[in-house]
Amino acid sequence: MTPFIAEVIGTMLLILLGNGVVANVVLKDTKGNNSGWIVITTAWALAVFVGVTVAGPISGAHLNPAVTIGLATAGKFSWDLVPSYIAAQMIGGMLGAFLVWLFHKDHFAITEDEGAKLACFSTGPAIRKTSSNLISEIIGTFVLVFCVFYFADPSISLQADPTAKVGLGSIGAIPVTFVVWAIGLSLGGTTGYAINPARDLAPRIMHAILPVKGSSDWSYAWIPVVGPVTGAIIAAILYGFLK
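Every chain's residues receive numbers from 1 upward, in the order its sequence appears when written. The model is predicted, so local features are restricted to residues of pLDDT at least 70 and side-chain atom pairs to those at 80 or more, both for listing and for counting; the totals for chains, interfaces and linings are taken over all residues. By convention in this description, side-chain values take in all heavy atoms of the structure and omit both hydrogens and water.

With an unreviewed UniProt entry as reference, the protein chain is termed Aquaporin family protein, source organism Chryseobacterium cucumeris. UniProt positions are given in the numbering used here, feature names are shortened, and annotations may be inferred rather than shown by experiment. One UniProt comment on the protein chain, placed under Sequence similarities (unreviewed entry), says "Belongs to the MIP/aquaporin (TC 1.A.8) family." According to its UniProt record, the protein chain has this under Subcellular location (unreviewed entry): "Membrane".

**Student:** Summarise a nonpolar patch on the surface; cite the residues concerned and give the values.
**Tutor:** Patch membership needs two things, relative accessible area over 30% and no salt bridge, and members are linked within 9 Å if like-charged or within 5 Å if nonpolar (Val, Leu, Ile, Met, Phe, Trp, Tyr). Each accessible area is a Shrake-Rupley estimate made with a 1.4 Å probe; only the visible protein chains count as cover when residues are assessed. Here a salt bridge means any side-chain nitrogen of Lys or Arg lying within 4 Å of a carboxyl oxygen belonging to Asp or Glu. On the surface, a nonpolar cluster with roughly 500 Å² of combined accessible area is contributed by M1, F4, I5, V54, I91 and L95. Helix and strand definitions here come from DSSP, where helices need a minimum of 4 consecutive H or I residues and strands a minimum of 2 consecutive E residues; each element is numbered from the N-terminal end. Residue assignment for the nonpolar patch shows that the elements contributing at least two residues are helix 1 (3-26) and helix 4 (82-103). Tracing the chain through its elements places I5 in helix 1.

**Student:** I'd like a rundown of the environment of A61, residues and numbers included.
**Tutor:** Inspection of the secondary structure puts A61 in the loop between helix 2 (37-59) and helix 3 (65-73). Sequence separation between A61 and I223 is 162 residues; the distance between their C-alpha atoms is 23 Å.

**Student:** Describe the confidence of the model for the protein chain, with residues and values.
**Tutor:** Within a predicted model, pLDDT stands for the predictor's per-residue confidence, ranging from 0 to 100. For the protein chain, per-residue confidence averages 92 on the pLDDT scale, and 91% of positions sit at 70 or higher. Long-range and interchain partners of residues 153-160, a stretch whose pLDDT sits below 50, account for 12 contacts in this model, where long-range means more than four residues apart. Contacts between residues were defined by any pair of non-hydrogen atoms, one from each residue, lying within 4.5 Å.

**Student:** For the UniProt feature "transmembrane region" (unreviewed entry) in the protein chain, give the residues involved together with the corresponding values.
**Tutor:** The residues that UniProt annotates with the feature "transmembrane region" (unreviewed entry) are residues 6-27, 39-62, 82-103, 134-152, 172-196 and 217-242. End C-alpha atoms of residues 82-103 are separated by 31 Å, and the span's content is 100% helix alongside 0% strand. The span residues 217-242 shows a helical share of 77% and a strand share of 0%, and its end C-alpha atoms are spaced 39 Å apart.

**Student:** Break down the environment of V148 for me, with residues and values.
**Tutor:** Along the chain, V148 falls in helix 7 (residues 130-151). Under the scheme applied here, a residue whose accessible area is under 20% of the maximum for its type counts as buried, over 50% as exposed, and between as partly exposed, the area being computed with a 1.4 Å probe on protein chains only. The exposure class assigned to V148 is buried, which follows from its relative accessible area of 1%. A C-alpha to C-alpha distance of 8.1 Å links V148 and V67, two positions 81 residues apart in sequence.

**Student:** Describe in detail the pattern of salt bridges, supporting the description with residues and values.
**Tutor:** Close approach of charged atoms lets side chains of opposite charge pair. Tallied over the entire structure, the rule returns two salt bridges. Where R128 meets D217, a salt bridge forms, and the shortest distance between an N and an O atom there is 2.8 Å. Taken together, the positions of R128 in the loop between helix 6 (114-119) and helix 7 and D217 in the loop between helix 9 (197-209) and helix 10 (223-242) put the pair 89 residues apart, joining distant regions of the chain. Note on D217: relative accessible area 14%, which makes it buried. Taking the shortest distance from any N to any O, the salt bridge between D200 and R204 comes out at 2.7 Å. In this pair, D200 and R204 are both assigned in helix 9, four residues apart and thus about one turn of the helix distant. Note on D200: relative accessible area 0%, which makes it buried. The class of R204 is buried, set by a relative accessible area of 0%.

Next comes the structure, spelled out in structure tokens:
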């Protein structure tokens, strides 16, 4: 196990379980069909718990390019490692999305609603308005990354090299689980709280590749990338100022 592999596997599990619950709720004739927002937000939080538990001791379990960029901006993570971490997160996100499709393949086949099928891969706005949607993603990710700075302390790194270990897994998976749950419950209703470019862009790419009918909504795709990265940088700047 290396940090790269840990980020791949951790992000894969995050997307498999996170997008998996969306599929369970929105696809036709699943046993979880129409079980609602509480089920989705709870399972997404627990998906974070699983991913961080697996990857945390090895990579710090960033599982999110916005977290990686935010930590690097704050000087808590080496910029030299940022490209490999983001590459691993994107690969993991694509693998997780493929597994969601494979697992629910029969239900995708009988679901006619193309929007519901896209929701099993990527996020979309409840009300499509660029400025509002971007602000939602910025604020949601700001909350996540700002809290991560107070979870992650190099002095309690599990390895000798703290630059490779500062992240969501530095003190365990439970705190960030509750933060993601809170974000989903309180701030998730406007855009579906992507708060993670690898969570949205990587599965959206798989939606375009896999035999799933419907538009991948590429005109919206930049918002769950730019918004989270912007929110993470703002969180890093504020953290540095306050520190």
